[in-house]
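The chain contents come next:
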Amino acid sequence: MSREAALATAKMLSEALPHLQRFSGAVVVVKFGGNAMGDDAAMAEFARDVVLMKQVGVNPVVVHGGGPMINEMLTKLGIKSEFVRGKRVTDKATVEVVEMILSGLVNKRIVQAINDQGGRAVGISGKDDDLMVCEADDPELGFVGRPVEMNVQVLRDLYAAGIIPVVAPVATGMADNETFNVNGDTAAGAIAGALKADRLLLLTDVPGVKNAAGEVLTQITPAEIRAMIADGTISGGMIPKVETALYALEQGVRAVTILDGRLPNAAILELFTDHGAGSQIRS
Ligand code: X2W
C-alpha cells in the first residue's frame with residue numbers, strides 16, 4: 001500500500017467513528033437473497049462485511065434465500081416448479097428439496113464463508129428452538145408458510161454469546177411434523193420485526209426502489225411506497241420486498257434499506273458512510 005492509500009484508509013476509518021458509535025450494540029437483520037449471492041469471491045466479501053459489523057459491536061443476524069439454487073436442484077431432479085404472486089408453489093416433494101438446499105447447501109456455504117473470515121457463525125433454520133412457527137399461507141401454494149409465532153430468544157442468546165446467527169427460511173408448523181417453505185424476504189421481515197431490529201437490510205440484485213422516471217429513490221416513506229404500489233410504479237418482484245419493509249416498520253424496525261448486494265461492501269456502505277446505499281424506507 002502506498003503512503004497516500006494508507007492515509008486515505010486512516011482518514012476513512014476516522015470518519016466512520018460517528019457511524020460506528022451510532023450502531024454500537026444495534027441489531028441489524030441482513031437478508032441475503034439467492035440472486036445477490038455470487039461466486040466464492042463475492043460470498044467471501046459478503047462474509048467479511050458481516051464479520052466487520054460484528055467486530056465493531058453490531059449484532060448482525062443473517063437471513064438468507066436461495067431461490068436460484070432450489071430451481072437448479074428441482075431441474076436436476078425433474079420436478080417442475082412455478083411461482084404464484086412471487087411465492088413458489090410447494091408440494092411435498094418440493095418442500096423436501098427446499099429444506100435440503102436451504103438448510104443444507106446454502107446455509108452451510110454462508111456459515112463456512114463467515115467462519116473463514118474469522119467470525120463465529122452458527123446456521124439454524126426457523127425450526128430450531130421453534131424460531132418461526134407457520135400456518136399455510138394460501139391453500140393454492142401448498143406448503144408455503146406464513147409466520148404466526150416467533151420465538152427469537154435463540155437469536156438473542158446466539159448474538160449475546162458472540163455468534164452470528166445464519167437463518168434458513170424453513171419453518172415448522174402448528175401440527176406435528178409439518179415443514180413449511182417461507183419466502184426469504186417474509187422470514188427476514190418477521191425476524192426483524194420480532195427482534196425490533198434497528199435496521200433490516202434487504203440485499204438483492206437491483207439498486208433499489210425506482211420512481212416513474214427510473215431513478216433510484218434514496219429515501220422513501222411508507223406512505224410514498226403505498227402510493228407507488230397503488231399507481232403501479234412499484235411492480236413485480238419489488239412488491240414482496242416493499243411489503244416486507246412496511247410490515248417490519250409497523251412491527252417497530254427503525255428503518256429498512258433495499259440495496260444491491262452484488263455491489264462491493266454494500267452493507268458497509270449503507271451502515272457506516274454518509275453516502276449510504278440503495279433505498280431507505282422509514283417514517
Ligand atoms: C422461496 C425460499 C427461498 C427464497 C423459494 O422456494 O424459492 C418461497 O417462494 P430468494 O433467493 O430470497 O428468492 N420460498 C415460498 O426466498 O430465496
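Rules used throughout
Residues numbered from 1 in each chain as written. Predicted model: local features only at pLDDT ≥ 70, side-chain atom pairs only at ≥ 80, totals over all residues. Heavy atoms only, no water. Helix = DSSP H or I, 4+ residues; strand = E, 2+ residues; numbered from the N terminus. Rg over C-alpha atoms; globule rule 2.2 N^0.38 Å. Buried < 20%, exposed > 50% of the residue type's maximum accessible area, 1.4 Å probe, protein only. Contact = heavy atoms within 4.5 Å. Areas by Shrake-Rupley, 256 points an atom, 1.4 Å probe, with all protein chains shown as cover. Pairing = 2+ DSSP bridges. Axes fitted to C-alpha atoms, helices over the stretch in contact; angles between N-to-C directions. pLDDT = per-residue confidence, 0-100. Salt bridge = Lys/Arg side-chain N within 4 Å of Asp/Glu carboxyl O.

J.: Can you walk me through the overall build of the protein chain in this structure?
T.: Looking only at helices and strands, one finds ten helices and 14 strands in the protein chain. Relative to a compact globule of 283 residues, whose C-alpha radius of gyration would be 19 Å, the protein chain shows 18 Å and is just as compact. If you line up the protein chain on its principal axes, its C-alpha atoms span 60 × 45 × 35 Å. Across the 283 residues in the protein chain, those meeting the buried criterion constitute 48%. Across the protein chain, contacts joining residues at least 24 apart in sequence account for 73% of those joining residues at least 6 apart. As displayed, the protein chain offers around 13,100 Å² of accessible surface, 53% of which is attributable to carbon and sulfur atoms.

J.: When you look at the sheet that holds strand E13 (residues 255-260) in this model, what are you seeing that I'm missing?
T.: Spatially, the eight strands line up as an open sheet ordered E5-E8-E2-E1-E11-E13-E14-E12, and their pairing is mixed. Single-partner strands in this sheet number two, and they are strand E5 (121-125) and strand E12 (219-220). As paired elements, E5 and strand E8 (residues 164-168) share five bridges and run parallel to each other. Among the inter-strand pairings, Ala 121 is bridged to a residue of E8, identified as Ile 164. Across the face of the sheet, helix H3 (residues 40-55) comes into contact with strand E1 (27-32), strand E2 (59-64), E8 and strand E11 (199-204) while running at roughly 150 degrees to E2.

J.: Explanation requested: the confidence of the model for the protein chain in the structure shown.
T.: Interpretation of the predicted coordinates at a detailed level should be avoided for regions scoring low in pLDDT. Confidence along the protein chain averages 95 in pLDDT terms, with 100% of residues attaining 70 or more. Under the prediction, the complex receives an ipTM of 0.96, its pTM being 0.95.

J.: So what exactly am I meant to see when it comes to the pattern of salt bridges here?
T.: Two side chains carrying opposite charge are able to pair once their charged atoms lie near each other. Tallied over the entire structure, the rule returns 14 salt bridges. For the salt bridge of Lys 241 with Asp 185, the shortest nitrogen-to-oxygen distance reads 2.9 Å. With a gap of 56 residues between them, Lys 241 in helix H9 (residues 238-250) and Asp 185 in helix H7 (residues 184-195) connect regions that are remote in the sequence. Put simply, Lys 87, Glu 135, Asp 137 and Arg 146 are held in one network by salt bridges that share partners.

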